[in-house]
Amino acid sequence: VCFFAGADVRSKTPLGRTALHVAAVMGRCECIELLVSFGARALDPDCEGQTAVRLAQRWGQKESKRALMRVPRQLAGARPQHQDGAVQQAHGQPA
């Protein structure tokens, strides 16, 4: 709802976490999809270098991780490396 009023989905806490990091840890897949649709970047790291995908994995949020892995590389914030567009390759996991 705040997005319609111009809230910045990329704003960060003092620890460098975004709303997407929080949604990933909390298992809120519907929020993940909404945040990404408003420009949140799945590969933006926090101050410890943790992306939303890695935090979802660390906290055992399998559905969050799957939702984030479906985000195309261009929307995730990755630099173009491959033609296939898979986010998972940016995390050192096999395609």
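Being a predicted model, the structure only gives us computed values, none of them experimental. (Residues numbered from 1 in each chain as written. Predicted model: local features only at pLDDT ≥ 70, side-chain atom pairs only at ≥ 80, totals over all residues. Heavy atoms only, no water.)

A. Summary view of the nonpolar core. Formed by 17 residues in total, the largest nonpolar core has its most connected members in Leu-20, Ile-32, Leu-35 and Leu-68. Counting residues per element, the ones that place at least two in this core are α1 (19-26), α2 (29-37), α3 (52-58) and α4 (62-69). When residues in this core are grouped by element, the largest group, four residues, is from α2. (Core = buried A, V, L, I, M, F, W, Y, C linked by side-chain atoms within 4.5 Å. Buried < 20%, exposed > 50% of the residue type's maximum accessible area, 1.4 Å probe, protein only. Helix = DSSP H or I, 4+ residues; strand = E, 2+ residues; numbered from the N terminus.)

B. A look at the pattern of salt bridges. This model, assessed by the stated rule, comprises six salt bridges. Salt-bridge contacts for Asp-46 lead to Arg-17; the nearest nitrogen and oxygen are separated by 2.8 Å. In this pair, Asp-46 sits in the loop between α2 and α3 while Arg-17 sits in the segment before α1, placing the two residues 29 residues apart along the sequence. Take Arg-17: its relative accessible area is 25%, and that puts it in the partly exposed class. (Salt bridge = Lys/Arg side-chain N within 4 Å of Asp/Glu carboxyl O.)

C. Here's a closer look at the environment of Gln-61. Relative to the helices and strands, Gln-61 resides in the loop between α3 and α4. On the basis of relative accessible area, Gln-61 is assigned to the partly exposed category, the value being 24%. Along the chain, Gln-61 and Cys-29 lie 32 residues apart, while their C-alpha atoms are 9.7 Å from each other. Those residues in contact with Gln-61, other than ones at most four positions away along the chain, are Ala-24, Val-25, Met-26, Gly-27 and Ala-56. Within the structure, Gln-61 has its side chain in polar contact with the backbone oxygen of Val-25 (distance 3.1 Å). (Contact = heavy atoms within 4.5 Å. Polar contact = N/O pair within 3.5 Å; in protein donor to acceptor, adjacent residues only side chain to side chain.)

D. Molecular detail of α1. All buried positions along α1 are accounted for by Leu-20, His-21, Ala-23, Ala-24 and Val-25. Against the buried residues of α1 lie α2, α3 and α4. A positive phi of about 75 degrees marks Gly-27, the residue just after α1.

E. Broad picture of the packing of α1 against α2. Two numbers describe how α1 lies on α2: the axes approach to 8 Å, and their chain directions differ by 160 degrees. With respect to their mutual orientation, α1 and α2 come out roughly antiparallel. Classified by chirality, the crossing of α2 by α1 is left-handed. Along the contact surface, α1 presents Ala-19, Leu-20, Ala-23 and Ala-24, while α2 presents Cys-31, Ile-32, Leu-35 and Val-36. A breakdown of the residues in the contact of α1 with α2 according to their chemical character gives eight nonpolar, no polar and no charged. (Axes fitted to C-alpha atoms, helices over the stretch in contact; angles between N-to-C directions. Parallel < 35°, antiparallel > 145°, perpendicular 65-115°, else oblique. Left-handed = near helix turned anticlockwise from the far one by under 90°. Nonpolar A, V, L, I, M, F, W, Y, C, P; charged D, E, K, R; others polar.)

F. Structural view of the environment of Gln-50. Looking at where Gln-50 falls in the secondary structure, it is placed in the loop between α2 and α3. Gln-50 gets classed as buried once you look at its relative accessible area, which sits at 16%. In this structure, the C-alpha to C-alpha distance between Gln-50 and His-21, residues 29 residues apart in sequence, is 8.8 Å. Apart from residues lying up to four places away in sequence, Gln-50 is in contact with His-21, Asp-44, Pro-45, Leu-55 and Arg-58.

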